[in-house]
Amino acid sequence: AQALERVIKCAEGAAIATGCTYKASKFNNDVDDTVLNPGLDALFMEQAKYAGLNYSANKSDSFGSSDAGNVSYKIPMIQPVLKVTEEGHPGHTLEFARACVTPYADNALALGAKALAFTGLALITDRQKLEGIIKSHKEKLSAK
């Protein structure tokens, strides 16, 4: 919101300086921060190991933008990032695109899908775990 106001003021200043008019309107939704859920993250990590995925929660230096934060205000969510290339290629490059159509990438995606499926299965078969994750989510929301 603060950045939007600054951009509009820049447009207003430029219009005044040049004797022009301007029109500004917002064309996209706000993008919220992400409500983290350590319990759900831990469950995914556990299930990833069970699925045979060598997964670590290390942060990547290469992320795109996302409106997943908006979703995280409605429901508990995770957003795991899988290593789908053997080399560390930044996203949206030709090298990354080429690496994504290799057996290594196919295997990483299959294991990631298994880990997500196992996570979902754990949630629907363990009501206490599910309720704990939902409770934690509600507590995080009320603290914001």
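Just above sits the structure.
Residues numbered from 1 in each chain as written. Predicted model: local features only at pLDDT ≥ 70, side-chain atom pairs only at ≥ 80, totals over all residues. Heavy atoms only, no water.

**Thoughts on helix H5 (residues 103-125)**
Turning to step 1, where the next piece is worked out: An ideal rise of 1.5 Å per residue puts 33 Å on 23 residues; H5 measures up with 33 Å between its terminal C-alpha atoms.
Turning to step 2, where the next piece is worked out: Considered for burial, the residues of H5 that qualify are Ala105, Ala108, Leu111, Gly112, Ala115, Thr119, Ala122 and Leu123.
Turning to step 3, where the next piece is worked out: The elements touched by buried residues of H5 are helix H2 (38-51), helix H4 (94-99) and helix H6 (127-143). (Helix = DSSP H or I, 4+ residues; strand = E, 2+ residues; numbered from the N terminus. Expected span 1.5 Å × (residues − 1). Buried < 20%, exposed > 50% of the residue type's maximum accessible area, 1.4 Å probe, protein only. Contact = heavy atoms within 4.5 Å.)

**Considerations on the packing of H2 against H5**
Turning to step 1, where the next piece is worked out: One can describe the packing of H2 onto H5 by two numbers: an axis separation of 8 Å at closest approach and a directional angle of 125°. Judged by the inter-axis angle, H2 sits oblique to H5. Considering the relative orientation of H2 and H5, their crossing is right-handed. Mapping the contact onto sequence places Leu40, Leu43, Phe44, Gln47, Ala48, Tyr50 and Ala51 in H2 and Leu111, Lys114, Ala115, Leu116, Phe118, Thr119, Ala122 and Leu123 in H5.
Turning to step 2, where the next piece is worked out: For the contact of H2 with H5, the per-class residue count stands at twelve nonpolar, two polar and one charged. (Axes fitted to C-alpha atoms, helices over the stretch in contact; angles between N-to-C directions. Parallel < 35°, antiparallel > 145°, perpendicular 65-115°, else oblique. Left-handed = near helix turned anticlockwise from the far one by under 90°. Nonpolar A, V, L, I, M, F, W, Y, C, P; charged D, E, K, R; others polar.)

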